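So the chains spell out like this:
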Amino acid sequence: NCKLDVYMESFRAEKAKYPVMYLRLYQARRNVENLLVSGLPMVLDDLLDEVYHGFRWPEANTHGNISMALAPMTELRWNMPAPSRMLGLTKEELRLGREQCWDAFFWRLFVRTKAQGERLTGEDLQRAFMLGDQNLLELPGQGPVGKSIRYLLKQQERYDWVYNDPYWVDEEDYEELGEPVPGAYSDVTTLLDYWAACRALGRNLDDVQVRFPRNLIEAHDAALEQRRIAEAKKTDASLAPRFRIRRRQLAKYIFEADGLKIIPAGSRAELQKEADTLHHCVWSYAQRHANGETAIFFIRRTVEPGKPYYTLELDEKKLTVRQNRGLRNCGKTPEVQAFEDLWISWVRAGARRDERGRPALPEKKREAKSA
């Protein structure tokens, strides 16, 4: 009666299946079959996938121990038998979720926004799909989600094509919008960075014109520059020695492969250069980095070691990447994503080095032996 056959026949072919994990979960939570059959099966798919990749399920699956499986599933209300209540939804909201085939991302966006007193409509979620930004989950609690989604779509429609395709700009557009900025893009991270700068500067975000400026890219850059100037005046003189200590602590994670290199931030000045070149707010992380609250690294092309390329934030306790952003908070290229994956796997394996001090990569060793 566990409906394992239903789980295995899920229509998302690209998703891996974990039958043993599903059975272990059923042993502890029999109502998981209700979530699968009458709830949102794609949510369950994603949660099990997260367990496997984020909580090292193969190591945890011993003697029927499912504690690790339940750890990332605390968002579900297991004490509720009805699938709608398990998911924190009403029956009408569950019906909408089934109609739109919500996965974990859209379910989380809906329930987290609902927890802040705002109800997203089906149209809001369709717009969220069109926006295609995974960082939307950071919006609940920071500002109105539905309005922010509509605002960002309008910004992309009205401005981003101008900034990214200057050959299509008329003379009147140049007069109104100014010169195009290469790589400019109005996304959630840009909006959140702008809001954070406004709060630090004491601006009133209850004013709609302040919260949603006519041109987000220009307002973002101006606010970050003003915040940088204000924060620089408050910089603690003790940062320099603390940066040197952090650089020695993090030197073990220096890594180079496939034309890219990653190094820890060495000074506040380096963070400032990174921010100025890539047009993001990493300079504001100086105090937290120096205090050991986070770890900032620079990704460089080996042929241009002095030129900022991507900026990465590492959670040292969990050994996970919190964020990795390039010019104007752009996302990772496939090359950078592959490099990040290789680096973090090496870090999690103990950041071992060979006798020459080079990163020891087991995969490459096996390839060398076979060759």
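None of the values given here were measured: they were computed from a predicted structure. (Residues numbered from 1 in each chain as written. Predicted model: local features only at pLDDT ≥ 70, side-chain atom pairs only at ≥ 80, totals over all residues. Heavy atoms only, no water.)

Draft legend 1. Highlighting the packing of aromatic side chains. Under the defined criterion, the tally for this structure stands at eleven aromatic pairs. Between the aromatic rings of W195 and F212, the centroid separation amounts to 6.2 Å while the plane-to-plane angle is 70°, which identifies the pairing as edge-to-face. Note that W195 is positioned in helix 13 (residues 188-200) and F212 in the loop between helix 14 (208-211) and helix 15 (216-233), a separation of 17 residues in sequence. Between F255 and W346 the ring centres are 5.0 Å apart and the planes differ by 40°, which places this aromatic pair in the tilted class. Placement of F255 in strand 1 (residues 255-257) and of W346 in helix 19 (residues 334-348) is noted, with a sequence separation of 91 residues between them. By relative accessible area, which is 1% here, F255 ends up buried. Grouped by ring-pair contacts, the aromatic residues F105, F106 and F129 constitute a single cluster. (Phe/Tyr/Trp six-rings, centres within 6.5 Å; stacked < 30°, edge-to-face > 60°. Helix = DSSP H or I, 4+ residues; strand = E, 2+ residues; numbered from the N terminus. Buried < 20%, exposed > 50% of the residue type's maximum accessible area, 1.4 Å probe, protein only.)

Draft legend 2. Structural context of the environment of E231. Within the fold, E231 resides in helix 15. Taking C-alpha positions, E231 is 9.7 Å from L201, a pair spaced 30 residues apart along the chain.

Draft legend 3. Quick peek at the pattern of salt bridges. With the rule as written, the count across this model stands at 20 salt bridges. For the salt bridge of E93 with K114, the shortest nitrogen-to-oxygen distance reads 2.8 Å. With a gap of 21 residues between them, E93 in helix 8 (residues 91-100) and K114 in helix 9 (residues 104-115) connect regions that are remote in the sequence. On the accessibility criterion, E93 (7% relative accessible area) is buried. One salt bridge connects D221 with R328, and the closest N-O pair in it is separated by 2.8 Å. Residue D221 is found in helix 15, and its partner R328 is found in the loop between strand 5 (320-325) and helix 19; the two are separated by 107 residues along the sequence. Within this structure, E50, E75, R108 and R112 form a network of salt bridges that share partners. (Salt bridge = Lys/Arg side-chain N within 4 Å of Asp/Glu carboxyl O.)

Draft legend 4. Focus on the packing of helix 9 against helix 10 (residues 122-131). Two elements in contact, helix 9 and helix 10, have axes separated by 11 Å at closest approach and are oriented at 130°. With respect to helix 10, the element helix 9 is oriented oblique. Handedness of the crossing formed by helix 9 with helix 10: right-handed. Across the interface between the two elements, F106, L109 and F110 from helix 9 touch L125, A128 and F129 from helix 10. Split into classes, the residues belonging to the contact of helix 9 with helix 10 amount to six nonpolar, no polar and no charged. (Axes fitted to C-alpha atoms, helices over the stretch in contact; angles between N-to-C directions. Parallel < 35°, antiparallel > 145°, perpendicular 65-115°, else oblique. Left-handed = near helix turned anticlockwise from the far one by under 90°. Contact = heavy atoms within 4.5 Å. Nonpolar A, V, L, I, M, F, W, Y, C, P; charged D, E, K, R; others polar.)

Draft legend 5. Spatial organisation of the confidence of the model for the protein. Overall, the predicted model of the protein reaches an average pLDDT of 85, with 84% of residues at or above 70. In the predicted structure, residues 173-182 sits below a pLDDT of 50 and forms 20 contacts with residues beyond four places in sequence or in another chain. Counting interchain partners and residues more than four positions distant, the pLDDT-below-50 stretch residues 364-371 has two contacts. (pLDDT = per-residue confidence, 0-100.)

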